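Remarks on the overall topology
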Amino acid sequence: MKRPLLSSSVTLAVSTFVIAGAGVPAVAATPGPQAPATHSKAVQDANAQVAAHPNAVKAGADDRFQVTNVQVDKDGTRHVHFNRTYRGLPVRGGDVVVHSAPNGTLDSTSLTLAAPISLSVTPSVTDKQAIAKAAALFLGTRGSSTAVLTVDVTGASPKLVWEVVINGTGPDHSPSHFHVLVDAVTGAPGQSWDSFSAFVPDGTQRGKGRLAPGLVTPPGAQPAAASSGTGKGYQVGNVTVSTTQNSTSSYTLKDPLRGNGETRDAQNQFAVNDSPPAGWGAAFNDADNVWGNNALTDRATVAVDAHYGIQATWDFYKNVLNRNGIKNDGVGARSFVHYGTNYDNAGWDDTSFSMIYGDGAVGSKPFTEIDVAGHEMSHGVTAATANLVYTGDAGGLNEATSDIMGTMVEFNANSPADAPDYLIGEKIDINGNGTPLRWMDDPSKDGRSVKCWSSTTKNLDPHYSSGVGNHFFFLLAVGSGQSQWGNSPTCDGSSVTGIGNDASAKIWYRALSVYMTSNTDYPGARTATVKAAKDLYGGGSTQCAAVEKAWNAVSVAPTATTCSGTTPPPSGGNLLLNPGFESGATSWTGSSGVITNETGATPRTGSYYAWLDGYGSAHTDTLAQTVTVPAAATAPQLTFWNRISTAEKGGTAYDTLKVQVVDGATTTTLATYSNVDATTGYVQRTLDLSAFKGKTVTIKFTGTEDSSLQTSFLIDDTSVTAG
């Protein structure tokens, strides 16, 4: 299990930086009162900190960074998001956020990359061959194709891949940007996903046997509207819509108050090749600023729904979260209604910065519901912030963010025609029996989504792995047990008291926009939301405590980041703190990166373990904790589980793990293990501590590796007991 040696001194050329995931120890700083930095100053300082502290971002000499987003808090704290390249190639999963104090000094970083990249970037497979491999997996109508040589670090080890994008239209005529990672050495296709965000997952079928709510009038046959200044929608009822007045008798469904967000008529056409272009379809124009008739006999009726959805989403982000539009740049999105014929879906296309809404299958309802609008446009917000990839845990978090924010849009709108709730897409009646597409109180009600996290959650479609995030948010906002919104269980049998929508939404949004990165997993989301709660409400707040309880309740265990910043004392007679490393590096000292949740090796239990050595070059790692052995102990023991894997051969001990006790100036070695003692799995080791009764000593593990051929020493589930 060879892994790259962490670099301690490298020279970098950087321009800006963003990170989410694990943090690094804060660098001492004493910022004085000063005006918040400009974005350019924040970027300049972040570049300097990256160059000075390459280990904080797991950077090597061949890494370069490009800024993607900058946020400066009111107190001057900076958060600079960077994408990474390696030898000129984009690094998928290598993005980072640099968090700096108001005076520009490095505070911490957020990222998921565990170690500097070391990889050949010479492909054995051509771009054309990679495109051919990917095209064989695409089931729709192909348009253009691209292939970009990329370093993928989202797996157990870095890999050179071609990221192929097949643009076109899917089997259901949705716009499609089908991504496939093709191994650039072997040509084997790997992960695949579509960056067009569909509301209904592939393969979901409507319930049958309902009466049609009405027929959509063909293009060109719309009747005159009836009421000036008022929209009469199908899903949203009677609402005020903001339009553009072109003359005394000409209005357009374009909102000048919200970045000129526009609603257009797709005229029952499907997009050709991929994304709908900006001028596609037809504008909705009207002579008296009256739109729709609450029925599907007027084409403008569902346009009112979509246009109101633009307003409701914009207003939520602006008024609740202080975000100025989807990209925070004051620019509104486009919505296309009447997409295709009998198109039974809706979706967000970040490439064209637009939404499409289908009228539904025959006898079904259109998709122009408030929480659908909020859901889909929130995919754009995610793309502009953490940019969570649409696979694995990150894909579930991406989809959960849209469910969460779409629900918050619905609550903020508080429409009489669409009473707020924690149901997803309930007015569409996707199942034909009055039930929604998804439930947040208990996601497992749909028969596919999961409500409790596990190491296999990442293997699900993001629409179903999102259940963990949805369940967490419901517990955080509402609480567990019976409420007017449902009966929410917990995975650990605990009771959770909710803190309300406002605080919960602000915590999730700050976690997304400040602390998450593209490959954040559910444990990383726990870290991000705890940090966000501490920022907003303080580590000792009710809100922060509720975040921890809600994550516990969906089976996401504590990480190194806690509200209190400390690890609770051990239970069951174990004298060691954080004995299974599930709180990260808390309570232990030693070499950087030894306590890890890297996927290159595996823990015995839980998510974290200690990994000493494994570099294949001269190296020493240490891990230590101080403990007091009671004088009254009858049979004190040190117990731990150990796994040894090696590339060494023969019976010579080249690489060693020493288990030691440091008592003042005296170091006693209790046992020595080496490459000769390689194991096929974890084995339990038990060592006698009787000689140290009544003393405060340091338990220390020292792994030493010679100059060639790696040996990895893994440790988990440690304990010191009095007997």
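As shown above, the structure is provided for reference.
Per chain, residues are indexed from 1 in the order of the written sequence. Local features in a predicted model are, by the rule used here, given only for residues with pLDDT of at least 70; side-chain atom pairs are given and counted only at 80 or more, and totals for whole chains, interfaces and linings are based on all residues. Processing note: side-chain calculations cover all non-hydrogen atoms of the structure and skip hydrogens and water entirely.

**Quick notes on the pattern of salt bridges**
Where we set the bar: Note on definitions: salt bridges are taken to be side-chain nitrogens of Lys or Arg within 4 Å of carboxyl oxygens of Asp or Glu. Numbering of helices and strands runs from the N terminus; a helix is a DSSP stretch of H or I covering at least four residues, while a strand is a stretch of E covering at least two. The buried label applies to any residue whose accessible area, calculated with a 1.4 Å probe on protein chains only, is under 20% of its type's maximum; exposed applies above 50%, and partly exposed to all values in between.
Tallied over the entire structure, the rule returns 18 salt bridges. Among the ionic pairs, Glu399 bridges to Arg438, the shortest N-O distance being 3.5 Å. One end of the pair, Glu399, is in helix H5 (residues 392–413); the other, Arg438, is in strand S24 (residues 438–439), with 39 residues separating them in the sequence. A single burial state applies to Glu399 and to Arg438, both of which are buried. Between Asp717 and Arg604 there is a salt bridge whose closest N-O contact spans 2.7 Å. Residue Asp717 is located in strand S36 (residues 711–721), and its partner Arg604 is located in the loop between strand S28 (595–596) and strand S29 (609–613); the two are separated by 113 residues in the primary sequence. You can call Arg604 partly exposed: its relative accessible area is 35%. Here the salt bridges do not stand alone but share partners, grouping Lys41, Asp45 and Arg78 into one network.

**Considerations on the sheet that holds strand S35 (residues 696–705)**
Rule in force here: Any two strands with at least two DSSP-identified bridges between them are counted as paired.
Within the open sheet, the 5 strands sit side by side as S27-S30-S35-S32-S33. Their pairing is antiparallel. Strand pairing shows two members of the sheet lacking a second neighbour, strand S27 (589–590) and strand S33 (666–674), which therefore form its edges. As defined by bridge partners, S27 adjoins strand S30 (residues 619–628) across 2 bridges and the pair is classed as antiparallel. The partner of Gly590 across the bridge, within S30, is Leu623.

**Concerning the pairing of S29**
By the criterion of burial, S29 is predominantly enclosed, with 5 of the 5 residues buried. In this structure, S28 lies alongside S29, joined through 2 bridges in antiparallel fashion. The residue of S29 that forms the bridge with Thr596 is Tyr609. Note that S29 and S36 share 4 bridges and pair antiparallel.

**Concerning the packing of helix H4 (residues 370–384) against H5**
The cut-off we apply is this: In this analysis, axes come from line fits to C-alpha atoms, helices being fitted only over the stretch in contact, and the angle between any two N-to-C directions falls in the range 0 to 180 degrees. The cut-offs work like this: below 35 degrees is roughly parallel, past 145 is roughly antiparallel, 65 to 115 is roughly perpendicular, and the gaps in between are oblique. Should the near helix be turned anticlockwise from the far one by less than a right angle, the crossing is left-handed, and should it be turned clockwise, the crossing is right-handed. Contact between two residues is taken to exist if any of their heavy atoms lie within 4.5 Å; hydrogens are not considered. Any residue outside Ala, Val, Leu, Ile, Met, Phe, Trp, Tyr, Cys, Pro, Asp, Glu, Lys and Arg is labelled polar, Gly included; the first ten of those are nonpolar and the last four are charged.
Interaxial distance between H4 and H5 falls to 7 Å at its minimum, and their mutual angle equals 130°. By the angle between their directions, the pair H4 and H5 is classed as oblique. The two elements H4 and H5 meet at a crossing, and its hand is right-handed. Contacts from Ile370, Asp371, Gly374, His375, Ser378, His379 and Thr382 of H4 reach H5 at Asn398, Glu399, Thr401, Ser402, Asp403, Met405, Gly406, Val409, Glu410 and Ala413. Class assignment for the residues of the contact of H4 with H5 results in 4 nonpolar, 9 polar and 4 charged.

**Here we look at the packing of aromatic side chains**
Just so we agree on the cut-off: Centres within 6.5 Å make a pair out of two Phe, Tyr or Trp rings, where for Trp the six-membered ring is used; the pair is then stacked when the planes are under 30 degrees apart, edge-to-face when over 60, and tilted otherwise. For a ring to carry a charge above it, either NZ of a lysine or CZ of an arginine must fall within 6 Å of the ring centroid while also lying within 35 degrees of the normal to the ring plane.
Enumeration according to the criterion identifies 22 aromatic pairs in this entry. Each ring, one from Phe138 and one from Phe178, has its centre 5.8 Å from the other, and the planes form 40°; the classification is tilted. Taken together, the residues span a long stretch of sequence, with Phe138 in the loop between helix H2 (127–135) and strand S7 (141–152) and Phe178 in strand S9 (residues 175–183) at a distance of 40 residues. Pair check on accessibility: Phe138 and Phe178 agree, each one buried. What links up through ring pairs into an aromatic cluster is the set Phe270, Trp280, Phe336, Tyr339 and Tyr343. When the ring centre of Trp641 is taken as reference, the NZ or CZ atom of Arg604 above it lies at 3.6 Å. Geometry around Tyr673 places Arg685 over its ring, the cationic atom sitting 4.2 Å from the centre.

**Examining the sheet that holds strand S34 (residues 683–688)**
Taken together, 5 strands build an open sheet; the order of strands is S28-S29-S36-S31-S34 and the sheet is antiparallel. Looking at strand neighbours, the two that pair on one side only are S28 and S34, the edges of this open sheet. Both strand S31 (residues 637–646) and S36 contribute to a ladder of 9 bridges, which runs antiparallel. The partner of Thr639 across the bridge, within S36, is Ser719.

**Some details on the state of the cysteines**
The line we're drawing: Any pair of cysteine sulfurs within 2.5 Å is marked as a disulfide.
Taken as a whole and judged by the stated rule, the model has 2 disulfides. Across the disulfide from Cys452 sits Cys491; the S-S distance is 1.9 Å. Taking the sign of the S-S torsion, about -95° here, the bridge from Cys452 to Cys491 comes out left-handed. A residue pair is termed long-range when its members are at least 10 positions apart, and Cys452 in the loop between S24 and helix H6 (462–477) and Cys491 in the loop between strand S26 (486–488) and helix H7 (501–515) qualify at 39 residues. Overall, Cys491 belongs to the partly exposed group, its relative accessible area being 27%. The residue that forms a disulfide with Cys544 is Cys563, at a sulfur-sulfur distance of 2.0 Å. Handedness of the Cys544-Cys563 disulfide follows from its S-S torsion of about -100°: it is left-handed.

Shape descriptors only; they carry no functional weight alone.
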